[in-house]
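Analysis of the macromolecular model
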Amino acid sequence: MTKKISLRMRLTLITSAILAVFCIMFTLFSLYNANSNFVIPDVANDNNVQGSTGVEAPISDENVKYVDVILVGYNAFSTSSYIFMIISIILGSLLMYAFSGVALKQVRLLTQKIANIDKNELSFRITDFSAGDELNKLADSFNMMLTRLDIAFARESRFSANAAHELKTPLTVIKTNLDVLYLDECPTKEDCLESLEVVKKQTNRMIALVDDLLTMSTANVCNTDNYVDIDAMLGEIAAEYEPRISEMHIRFNIDVKACRIKANHVMLKHAISNILDNAIKYNYQGGEIEIRAYPEENNYTLCISDTGIGISEEHVKHIFEPFYRVDKSRSRAIGGAGLGLAIAYDIILKHQGTIEYSAAKQKGSIFKIVLPIE
Ligand code: ADP
């Protein structure tokens, strides 16, 4: 019910109620004062007049006249007090209604401007509005919110377009191979096997991409409240990547101090694995990788450095963006969709940590992750 009453009406009702309470209080108070400071005897029932001193006096004719005058005066005073009280309440309420209408005019204007915004037109901003007070701040906050929404929507649609493109590429390759096979009237067994090999490779690529997309969507909602022995986790990751490291004859150093932190085991392992995977992927045969991890005050710092190809300065600010690859053809050839670092970034952010890149002194890359211990 109260929701249906307009803000203007609600303000008027509240003010009128307060005004009524005060007017009634003042009227009753003044009537009580008048009553107790004047002598008002009950002439019909009492033969004596009790003065303000408390001493009773017999009623003379002159006194009766005097009392009549007081009674008439008192009655007139109380009647006019009640009338004045009612007029004050009505007038106050009407004035409040009129003033609140003027005061809320800017609110109505702002509401109208917001209501006119097209749902597909997020670049719109409230510009020609100057109420000069809190309403202007509200309009500014609304504009800021629109800017953030605009950026978020643009990012979302870029993300969807990139994901669609990444899925379309392997599908096109599969279709082309199948078309060629179909047009060939009598394909050899080798032709079939070759096409099957391509289909298998492209299918694996799509599965990896869909897995990455799923990980990205769960990274933001995962529970990071479990206790994880991060040194043991790093040991597990190193053991899993050991075959690939030795295949590339990479020298591998690991120096990890024990620590227990609050994290999501699966997600954090995924993030660190992505960094180590890149350190191997973008390294040279016979290169070097080092993992150093240690607690420092309330944080746990983890550095993964490699002597690989490194990342040139102009690309550094983009590497944590989804689908960003420094060298598209190279990344694609080694099976990267440009989601590894974006996933790692989201996961570390979810753990209230930070991840940053710096170029190694000689050559190569250093990824530094800082995680809060609690
Ligand atoms: P990808 O799946 O292509 O590896 P990532 O998100 O993991 O995608 O990385 C984004 C880009 O950052 C990569 O394409 C690569 O060019 C660059 N990159 C990431 N890690 C390294 C590294 N350790 N050394 C050199 N370049 C790297």
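Up top is the structure these notes are about.
Residues numbered from 1 in each chain as written. Predicted model: local features only at pLDDT ≥ 70, side-chain atom pairs only at ≥ 80, totals over all residues. Heavy atoms only, no water.

**Side note on the overall build of the protein chain**
What counts, and what does not: Secondary structure counts use DSSP, requiring at least four H or I residues in a row for a helix and at least two E residues in a row for a strand, with both numbered from the N terminus. C-alpha atoms define the radius of gyration in this analysis, and the globule rule sets the expected value at 2.2 Å times the number of residues to the power 0.38. Every residue pair with non-hydrogen atoms within 4.5 Å of one another is taken to be in contact. With residues, only the protein chains shown are counted as cover, and all accessible areas are computed by Shrake-Rupley using a 1.4 Å probe.
Counting its regular elements, the protein chain contains 10 helices and nine strands. For the protein chain, whose C-alpha radius of gyration is 41 Å, the value lies well above the compact-globule estimate of 21 Å for 374 residues. Viewed in the frame of its principal axes, the protein chain has a C-alpha envelope of about 140 × 55 × 35 Å. At a minimum sequence separation of 6, the contacts of the protein chain that also span at least 24 residues come to 70%. Looking at the protein chain as shown, the accessible area adds up to about 24100 Å², and 59% of this sits on carbon and sulfur atoms.

**Quick word on the sheet that holds strand E9 (residues 365–372)**
The line we're drawing: In this scheme, strands are said to pair when DSSP sees at least two bridges between them. Helix axes are fitted only over the stretch in contact, all axes being lines through C-alpha atoms; the angle between N-to-C directions runs from 0 to 180 degrees.
If you trace the five strands from one edge of the open sheet to the other, you get E4-E6-E7-E9-E8, paired in mixed fashion. At either end of the open sheet lies a strand with only one pairing partner, and these are strand E4 (251–256) and strand E8 (354–359). With direction set aside, neighbouring strand axes in the sheet form an average angle of 10°. Sheet topology note: the E4/strand E6 (residues 288–296) ladder contains six bridges and is parallel. By the bridge assignment for E6, Asp255 is matched with Arg292. Against the sheet, helix H7 (residues 265–281) makes contact with E4, E6, strand E7 (299–306), E8 and E9, and its axis sits at roughly 25° relative to E7, the strand it touches most.

**Some words on the packing of helix H6 (residues 230–247) against H7**
So the rule is basically this: Handedness of a crossing follows from how the near helix is turned relative to the far one, being left-handed for an anticlockwise turn of less than a right angle and right-handed for a clockwise one. As a working rule, the residues Ala, Val, Leu, Ile, Met, Phe, Trp, Tyr, Cys and Pro are called nonpolar, Asp, Glu, Lys and Arg charged, and the rest polar, with Gly in that last group.
Following both chains from N to C, one finds H6 and H7 inclined at 35°, their axes separated by 10 Å at the closest point. Here the hand of the crossing between H6 and H7 comes out right-handed. Contacts between H6 and H7 involve Ile230, Met233, Leu234, Glu236, Ile237, Glu240, Tyr241, Arg244 and Ile245 from the first element and His265, Leu268, Lys269, Ile272, Ser273, Leu276, Asp277, Ile280 and Lys281 from the second. Among the residues forming the contact of H6 with H7, the class breakdown is 10 nonpolar, two polar and six charged.

**Here we look at the nonpolar core**
Note the following rule: We call a set of buried Ala, Val, Leu, Ile, Met, Phe, Trp, Tyr and Cys residues a nonpolar core when their side-chain atoms join them within 4.5 Å. Only protein chains enter the accessibility calculation, which uses a 1.4 Å probe; a residue whose area is less than 20% of its type maximum is buried, one above 50% is exposed, and one in between is partly exposed.
The biggest cluster of nonpolar side chains holds 50 residues, and the ones touching the most others in it are Ile261, Leu268 and Ile272. If sequence neighbours within four positions are ignored, Ile261 has contacts with Asn226, Tyr227, Val228, Ile230, Leu268, Tyr300, Leu371, Pro372 and Ile373. Core analysis: the next-biggest nonpolar cluster, separate from the first, contains nine residues, Ile117, Phe129, Ala139 and Phe142 among them.

**Focus: helix H5 (residues 189–219)**
Since there are 3.6 residues in each turn of an α-helix, residues three or four apart along the chain are aligned in direction. Test applied: By definition here, a helix of n residues has an expected span of 1.5 Å times n minus one.
Taking 1.5 Å per residue as the helical rise, H5 with its 31 residues ought to reach 45 Å, and the 44 Å between its terminal C-alpha atoms agrees with that figure. The set of residues buried in H5 consists of Ser195, Val199, Gln202, Met206, Leu209, Leu213, Thr215, Met216 and Ala219. Among the structural elements, helix H4 (134–183), H7 and helix H10 (340–350) are those in contact with the buried residues of H5.

**Some points on the side chain of Thr12**
Summarising the element assignment, Thr12 is placed in helix H1 (residues 7–37). When sequence neighbours within four positions are dropped, the list of residues in contact with Thr12 reads Ser93, Met96, Tyr97 and Ser100.

**Concerning H4**
For H4, built from 50 residues, the straight-helix expectation of 74 Å at 1.5 Å per residue is met to within 8% by its first-to-last C-alpha distance of 72 Å. Those residues of H4 that sit buried are Leu135, Ala139, Phe142, Asn143, Leu146, Ala163, Glu166, Pro170 and Ile174.

**A few points about a nonpolar patch on the surface**
For the record, the criterion: Here the term patch refers to residues with relative accessible area over 30% and no salt bridge, with like charges joined within 9 Å and nonpolar side chains (Val, Leu, Ile, Met, Phe, Trp, Tyr) within 5 Å. When a carboxyl oxygen of Asp or Glu is within 4 Å of a side-chain nitrogen of Lys or Arg, the pair counts as a salt bridge.
On the surface, Ile14, Ile18, Val21, Phe22, Met25 and Phe26 cluster together to form a nonpolar patch covering roughly 620 Å² of accessible area. The topology assignment puts Ile18 in helix H1.

**Considerations on the pairing of E7**
Across the eight residues that make up E7, a large majority, seven, are buried. Relative to E7, E6 is paired through eight bridges, and the arrangement is antiparallel. Bridge pairing links Pro295 to Tyr300 in E7. Linking two consecutive strands that pair antiparallel, namely E6 and E7, is a turn of two residues; a positive phi of about 50° is found at Glu297 within it. The pairing of E7 with E9 spans seven bridges and is classified as antiparallel. The partner of Cys303 across the bridge, within E9, is Lys368.

**A few points about the state of the cysteines**
Two cysteines form a disulfide when their sulfur atoms are joined by a covalent bond. Keep this limit in mind: In this description, a disulfide is simply a cysteine sulfur pair whose atoms lie within 2.5 Å.
This model, assessed by the stated rule, comprises zero disulfides. Free of any disulfide, Cys186 has its nearest neighbouring cysteine sulfur in Cys192, separated by 11 Å. Between Cys259, a free cysteine, and Cys303, which holds the nearest cysteine sulfur, the sulfur-to-sulfur gap is 14 Å. Residue classification places Cys259 among the buried positions, given a relative accessible area of 12%.

**Here we look at unusual backbone geometry**
Positive phi is not limited to glycine here, since Glu297 has a value of about 50°. Within the secondary structure, Glu297 is located in the loop between E6 and E7. For Glu297, a relative accessible area of 79% translates into the label exposed. Phi angles above zero are rare outside glycine, and Gln352 is one such case at about 55°. Locating Gln352 in the fold gives a position in the loop between H10 and E8. Accessibility expressed as a relative area gives 67% for Gln352, which makes it exposed.

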